[in-house]
Structures are given as C-alpha cells and as structure tokens.
Number of protein chains: 2
Amino acid sequence: MNFIPDQIDMCIMDILQEDARTTNKEIAARLGKSVTSIFERVKRLEAEGYILRYIAVLNKNKLGKNLVAWTSVTLKEHGQDRLPAFEQKINTFPEVMECYKMNGQFDYLLKILVADMEAYELFNLTKLSKLDNIYKIRSLFVLAETKQEVELNLKTGLPVKLQQKNK
Amino acid sequence: MNFIPDQIDMCIMDILQEDARTTNKEIAARLGKSVTSIFERVKRLEAEGYILRYIAVLNKNKLGKNLVAWTSVTLKEHGQDRLPAFEQKINTFPEVMECYKMNGQFDYLLKILVADMEAYELFNLTKLSKLDNIYKIRSLFVLAETKQEVELNLKTGLPVKLQQKNK
DNA sequence: TGTGAAACCTCAGGAAT
DNA sequence: ATTCCTGAGGTTTCACA
C-alpha cells in the first residue's frame, strides 16, 4: 500500500505505452533487470491502477470513420438531476467518443466520430438535437489531425541511458 | 491485395481493441476457429494497416496529470507556410496531446494535459503565447470527463461503399 | 533473483473448400 | 487460389524456492 512507482517502474510504463506487446524479457534486457522482477513490477502497476488496460489502436479511416466533429452543448436548465440525465443519454450514443463537462461558455464538449457529413447530420437530427433540455448546439469539423499523442509524458523518469548493466 | 476485412476480422479487431492481451487461443475459442487462422488474420490486419499498434493505457491522474484544457488558437496570417510552421512548433510541446486543424471560428483546437492550473499558466506564458503569428488564444478547462471511449464501434460493419470493393 | 513446468506463439507442411 | 488445420519447436509466463 501507498505504493509509489520508482524510476524503473516509470521506464516500464513508458515502454508499455509505446508498445504493449514488448515482452518482459525484452524490457528486462533494456533495463538491466531480471525477467521475474519486471514481471512482478508490471503486475503491481496493474494491481495498483497505474496501468489501466491494454488496447489495440485501429485505423479509423480504413474502417470507414472519416469525419471528426467537435460539438459544444449548452443546456437550458442546470438543476441537480439535469446534468446526469444528459450524460446518461450521451453515453448511449456510439457516435460520441468523448464527453467533457466544461467551465465557461458552454456545458459540454463532445467528440463525435462518424463516417461522413451525411452521417453527422443524421446523428444530429435524430439523436443529439432530440434530447430534452438542450439550449444550444455548435459544431466544428476537423480538417486534419496534426497531432495525436497517446503516450503520457513521463519525463520525470526516463534515464534510459544509465541502465547499461547486463543480466 | 485490396484486402477487405470480413466479419471474422471485425470480431478479432473488436476483441483486441477491448483487450490487446487476449491470446490467439482465447480468440480462436470464442470465434470457433483454429489458433493458426487467428494468428494469420491478426498478422494480416497489422500488415494491411488496420491494426496500427498496441498500447498500455496509463492512469494520468495517478501520474500527476490532473488538468485537461481545450484551447482554441486563431492565427494572424494564413499564408502557405504559416500553418505548417505552427504545427511543427506545437509538435515539440509535450503538453499538447492532440492538435486539430478546424474549420469555422478558429484555426486549431488543442488538447493540453498538465499537472495543474499553475502548470497550464506556465505553459501558456512561456510556450504557447510566445509563438509567432498568434492572433487569439481561448482556453476552456475540463471539470469532468464523463465519457472516454477508445474503442471504435465496429458493430455497424463497414460502410457499403467499402464492402463493394471486395473482389 | 533463479528455476522449471505449463501455457503460449510461431511457422512449417498439408488438407479442404 | 485461398483459407484452414495439425503438429513441432522455440519463447514467454508465472508459481515457488
């Protein structure tokens, strides 16, 4: 308990968030540790909730999802139960990949992923704008994704060069 | 060539984007296929660019990244070389996780991930607002992430257009 | 940290459609 | 021609000392 990852744990996480299929043997070789110790550290990082899951990243364009929209939503009423009600509905829409409750000019920011503009229009007409309690919807469309970083910056613990010992 | 994934390939991708550590044996059992056929399909999906990579998803809060900001940027000049210049600079900032070129009211939408408000202020003062050619910067902060979907929805299958290219 | 057995991955060659 | 299976050998995983 009260587990805090050390420098080596940080290196392990950095390797795994770059390529989750790196074997323990490979990690052990790079960090100058035994295979078993790496295995135990990974298991601990998983158990302590530092590593949440392992996923395959798919090519969304090849799978027919070509349009990303960022949509801001402002609600009419903000009573105690109105926000969770909206959030629950949003959770049932597969087109909504991400939903952020925001401060400032609007209440929610949604990332919408669909095949094309036609599909977006359909989503907007039949699902989003049909919800109760909507005051305003604003959509902006992505022309290009110029940066998509999935790896957290673990710069506090990346002395990869120092570990040149062998087994 | 001109490979189009079939129903079984879609199932495999769906399983792997949910848990990249699912073994081929497990996938084979679920789909009623042999281990080797799954192995070959996965290799092909990787080779054809449908599966891009495998990553570990880390817990950003446990790693000290507690503030997400969505920042819109409008440039002063939009000449041929000005946009790539901006994008290149943005790519060197580890705080910027995502950058979208947008239509509409502003030019770029940035997802910024930092430790806290103080770190955001520092990033804004020393990096973002120091860039050339900036006309306007607007920041909104995330109060809560109510939906974070990383898996593509494959249940709908491929769009008909894509399927017809098959053979 | 090391050992070793069980489980798994990988890739021949061959069968079935 | 493609997709699939069987089986052998090398690798990884993971409990135990």
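Thresholds applied
- Residues numbered from 1 in each chain as written.
- Chains lettered and ligands numbered in written order.
- Predicted model: local features only at pLDDT ≥ 70, side-chain atom pairs only at ≥ 80, totals over all residues.
- Heavy atoms only, no water.
- Axes fitted to C-alpha atoms, helices over the stretch in contact; angles between N-to-C directions.
- Helix = DSSP H or I, 4+ residues; strand = E, 2+ residues; numbered from the N terminus.
- Parallel < 35°, antiparallel > 145°, perpendicular 65-115°, else oblique.
- Left-handed = near helix turned anticlockwise from the far one by under 90°.
- Contact = heavy atoms within 4.5 Å.
- Nonpolar A, V, L, I, M, F, W, Y, C, P; charged D, E, K, R; others polar.
- Salt bridge = Lys/Arg side-chain N within 4 Å of Asp/Glu carboxyl O.
- Buried < 20%, exposed > 50% of the residue type's maximum accessible area, 1.4 Å probe, protein only.
- Least-squares fit on C-alpha atoms with pLDDT ≥ 70 in both.
- Buried area = accessible area lost by both parts, 1.4 Å probe.
- Phe/Tyr/Trp six-rings, centres within 6.5 Å; stacked < 30°, edge-to-face > 60°.
- Lys NZ or Arg CZ within 6 Å of the ring centre and 35° of its normal.
- Near = heavy atom within 4 Å.
- Polar contact = N/O pair within 3.5 Å; in protein donor to acceptor, adjacent residues only side chain to side chain.

Brief notes about the packing of helix H1 (residues 7–18) of chain B against helix H2 (residues 24–31) of chain B
All names here are of chain B.
Point 1. The geometry of H1 relative to H2 is characterised by a closest axis approach of 11 Å and an angle of 130° between their N-to-C directions. Taken together, the axes of H1 and H2 lie oblique to each other. For H1 against H2, the interelement crossing comes out right-handed. Residues Ile-8, Cys-11, Ile-12, Ile-15 and Leu-16 of H1 touch H2, and the partners they reach there are Ile-27, Arg-30 and Leu-31.
Point 2. Grouping the constituent residues of the contact of H1 with H2 by class yields 7 nonpolar, no polar and 1 charged.

Some thoughts on the pattern of salt bridges
Point 1. Inspection of every chain in the model, using the stated rule, returns 20 salt bridges over all chains.
Point 2. In this structure, A:Lys101 engages A:Glu87 in a salt bridge whose closest nitrogen and oxygen atoms are separated by 3.7 Å. A residue pair is termed long-range when its members are at least 10 positions apart, and A:Lys101 in strand E3 (residues 96–102) and A:Glu87 in helix H4 (residues 82–91) qualify at 14 residues.
Point 3. A relative accessible area of 24% places A:Lys101 in the partly exposed class.
Point 4. One salt bridge in this structure joins B:Glu26 and B:Arg30, with 3.0 Å as the shortest N-O distance. Placement of both B:Glu26 and B:Arg30 in helix H2 is noted, with a separation of 4 residues, approximately one turn of the helix.

With respect to the relation of the copies chain A and chain B
Point 1. Rotating chain A by 180° about the axis while translating it 0.0 Å along that axis superimposes it on chain B, leaving an RMSD of 0.1 Å. Considering both components of the superposition, the chain copies are consistent with a two-fold axis. Residues of chain A ranked by C-alpha distance from the rotation axis are headed by A:Ile55, positioned 2.8 Å from it.
Point 2. Most of the interface of chain A is mirrored in chain B, where 97% of its interface residues are also at the interface.

Structural notes on the interface of chain A and chain B
Point 1. Across the boundary between the two partners, chain A contributes 64 residues, which contact 67 residues of chain B.
Point 2. Interface area, chain A with chain B, both sides summed: about 6,400 Å², of which 58% is carbon and sulfur.
Point 3. There are 2 salt bridges connecting chain A and chain B.
Point 4. Measuring nitrogen to oxygen at the nearest pair gives 2.9 Å for the salt bridge that ties B:Glu151 to A:Arg53.

Examining the packing of aromatic side chains
Two numbers describe a pair of aromatic rings. These are the distance of the centres and the angle of the planes.
Point 1. A full pass over the atoms with the stated rule returns 13 aromatic pairs over all chains.
Point 2. Ring geometry for A:Phe93 versus A:Phe123: centroids 5.9 Å apart, planes at 85°, classification edge-to-face. Pair noted here: A:Phe93 is in the loop between H4 and E3 and A:Phe123 is in helix H5 (residues 117–128), with a separation of 30 residues, a long-range link. The residues A:Phe93 and A:Phe123 share a single accessibility class, namely buried.
Point 3. On the numbers, 5.1 Å between centres and 90° between planes, the contact of A:Tyr120 with A:Phe141 is edge-to-face. Placement of the pair is A:Tyr120 in helix H5 and A:Phe141 in strand E5 (residues 134–148), with a sequence separation of 21 residues.
Point 4. Residue A:Tyr120 is classed as buried on the basis of its relative accessible area, which comes to 2%.
Point 5. Exposure remark for A:Phe141: the relative accessible area of 15% places this residue in the buried category.
Point 6. The lysine or arginine in question, A:Arg21, covers the ring of B:Tyr54, its NZ or CZ lying 3.9 Å from the ring centre.

Here's the deal with the protein's contact with DNA strand D
Point 1. All residues in the neighbourhood of DNA strand D are listed as A:Thr23, A:Asn24, A:Lys25, A:Phe39, A:Lys43, B:Lys33, B:Ser34, B:Thr36, B:Ser37, B:Glu40, B:Arg41 and B:Arg44.
Point 2. Of everything in DNA strand D that lies within 4 Å of the protein, sugar and phosphate atoms constitute 72%.
Point 3. Here a phosphate oxygen of DNA strand D sits 2.7 Å away from a polar atom, N or O, in the side chain of B:Arg41.
Point 4. In this structure, B:Arg44 approaches DNA strand D through a side-chain N or O atom, which is 3.2 Å from a phosphate oxygen.
Point 5. Residue assignment for the surface near DNA strand D shows that the elements contributing at least two residues are helix H2 (24–31) and helix H3 (35–47) of chain A together with helix H3 (35–47) of chain B.
Point 6. Residue composition of the surface near DNA strand D, grouped by class: 1 nonpolar, 5 polar and 6 charged.

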